[in-house]
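# A look at the structure
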Amino acid sequence: MPPHTHPPGGISLAPPTIHHPARTAPSPVFLCILCLVAALLPSASSCPPPCLCSSDGVVVDCGSRGLSSLPPLHLLPQGSRSLLLANNKLSLLGATAFANLSSLEVLDLSNNYLDNLPAGLFRDMSNLTRLTLHNNSLTGMDRDLFQGLGNLQSLDLSLNGLSSVPLGLLDELQSLRWLSLAGNRLHGLERAAFEPLANLQHLELGQNPWECDCNLRDFKHWMEWLLYRGGKVDAVECTLPKDLRGRDIRGVPVEMFNYCLQLEDENGAGGSSRSGPGSGSGGPASPPCSRNALDPSGATPISNNNNNGNSANEAAASSNIGGGGGGGGGGGELPADCIRSRYRPVSVRRAIGTVVIAGVVCGIVCIMMVAAAAYGCIYASLMAKYQRELKKRQPLMGDGEADGEEREEKQISSVA
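The structure reproduced in this document is the subject of the present report. (Residues numbered from 1 in each chain as written. Predicted model: local features only at pLDDT ≥ 70, side-chain atom pairs only at ≥ 80, totals over all residues. Heavy atoms only, no water.)

## Re the overall build of the chain
The cut-off we apply is this: Labels follow the DSSP assignment, with helices taken as runs of H or I lasting at least four residues and strands as runs of E lasting at least two, numbered in each case from the N terminus. In this scheme, a residue with accessible area under 20% of its type's maximum is buried, one over 50% is exposed, and one in between is partly exposed, where area comes from a 1.4 Å probe on protein chains only. When checking whether two residues touch, look at their non-hydrogen atoms; a contact exists if any pair is within 4.5 Å.
Secondary structure assignment for the chain yields 7 helices and 11 strands. Relative to its full complement of 416 residues, the chain shows a buried share of 31%. Put simply, 57% of the contacts in the chain that link residues at least 6 apart link residues at least 24 apart.

Structural data, given as structure tokens:
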């Protein structure tokens, strides 16, 4: 049999040769790189729908999207700095809506329908520097709304329906430099509510129905103090009373508020008589707030350092007293029934001028009175001396006249 034979049909029965590629195990380094890429890829590319995120994820623009509720903010890129939610239909926000967003520095909620914001809404946004609530439907704010915003520098509350600024609302905003309350329904403001703003430089209060009466007198003094240390305040035009309508309260002489002191004295006298121990309306008066209320040891609380002089330091100290620990200086809570004392600036621009003018006038009057008294004394002494000399001369003048008459008689007789 020949060495190579083939079966009939020409089909070879020899098994075909199969070549298997060599299999190599994946490198551990390569697997680690894949894991890192898989872990970083979602965070780098995530963006809450339907928002638009910048390439570096710093700015998240969710404005003009017709949103009636917040987008999933847990999908925000890591390191986001700005969240823009303007021009939407947001009307309600939960108390934890902005939880765990400490990296944000800018939050824009303008042109929405927000009418009630819960207390502590921005508590976790400790790095926020700009907050815009322009053109919403806010009619009131909780005093703890801005809790935790110690680094806030710009706050826009314009074009809302605010009728008052509650005491304590601005106590923690020690770094605030720009504030707008324009276009609201403010009739008057409490001076104590703005005393903690030791670093404020720009204040907008226009387009409000201001009532320039005794309730606005103390706030007028605070505005003058703000202007004295270099701040800026726009026009505050009066609507009431009628004789001041259209006038800027900054140009109204302080003498027009003198009658307020008389009213305070009358009310104070009546209030003290009514709040005595034997009154039926109520018990002793509330105790005043003092530094000892914060620190039982009597130590002076530490105020914020600034370059605005003693007046700004006193404003910061006053904020520490009345704010309940917003600046972080330590100490306990103030009693709820304490009466917060009003801040008195060290010097006011017009008060200094008044004191100087009054001192000059009083000095001139005193000098004139002394000169008049000296002149009167000299004149009196001269007149007395003249009268004495005149009395001494009268007898001598009488003897001379008698001798003259005798001489005339002798001459007549000799001639005869």
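## With respect to the environment of Leu 203
Mapped onto the elements of the fold, Leu 203 is located in strand S8 (residues 202-204). Of the residues examined, Leu 203 reaches a relative accessible area of 0% and is grouped as buried. When the C-alpha positions of Leu 203 and Trp 178 are compared, they lie 6.2 Å apart, and in sequence the two are 25 residues distant. Every residue in contact with Leu 203, bar those within four places of it in the chain, is listed here: Leu 179, Phe 219, Trp 222, Leu 226, Lys 232, Val 233 and Asp 234.

## A closer look at the state of the cysteines
As a reminder, the rule being used: We call a pair of cysteine sulfur atoms a disulfide when they lie within 2.5 Å.
In total, this model carries 3 disulfides according to the counting rule given. Note that Cys 47 is cross-linked by a disulfide to Cys 53, the S-S spacing being 2.0 Å. Because the torsion about its S-S bond is 90°, the bridge between Cys 47 and Cys 53 counts as right-handed. Judged by its relative accessible area of 24%, Cys 47 is partly exposed.

## Considerations on the packing of aromatic side chains
Spelled out, the test is: In summary, the pairing rule links any two rings of Phe, Tyr or Trp, Trp by its six-membered ring, whose centres are within 6.5 Å, and it sorts them by plane angle into stacked for under 30 degrees, edge-to-face for over 60 and tilted for everything else. The criterion for a charge sitting over a ring is simple: Lys NZ or Arg CZ within 6 Å of the ring centre, and within 35 degrees of the ring normal.
Taken as a whole, this structure holds 7 aromatic pairs when the rule is applied. Taking the centre distance of 6.0 Å and the plane angle of 20° together, the rings of Phe 98 and Phe 122 count as stacked. Here Phe 98 is found in the loop between strand S3 (82-84) and strand S4 (106-108), whereas its partner Phe 122 is found in the loop between S4 and strand S5 (130-132), with 24 residues between them in sequence. Taken together, a centroid distance of 6.2 Å and an interplanar angle of 50° make the contact between Trp 222 and Trp 225 tilted. Of this pair, Trp 222 and Trp 225 are both found in helix H3 (residues 217-228), 3 residues apart, which corresponds to roughly one turn of the helix. Its relative accessible area of 0% is what places Trp 225 among the buried residues. An aromatic cluster of at least three residues, connected via ring pairs, comprises Phe 194, Phe 219, Trp 222 and Trp 225. The cationic tip of Arg 229 hangs over the ring face of Trp 225; the distance from NZ or CZ to the ring centre is 4.5 Å.

## Description of unusual backbone geometry
With an omega of 0°, the peptide bond running from Pro 49 to Pro 50 counts as cis. By the secondary structure assignment, Pro 50 is in the loop between helix H1 (28-45) and strand S1 (52-53). With an omega of -5°, the peptide bond between Leu 240 and Pro 241 qualifies as cis. In this fold, Pro 241 is placed in the loop between strand S11 (238-240) and helix H4 (258-274). Positive phi is not limited to glycine here, since Asn 100 has a value of about 60°.

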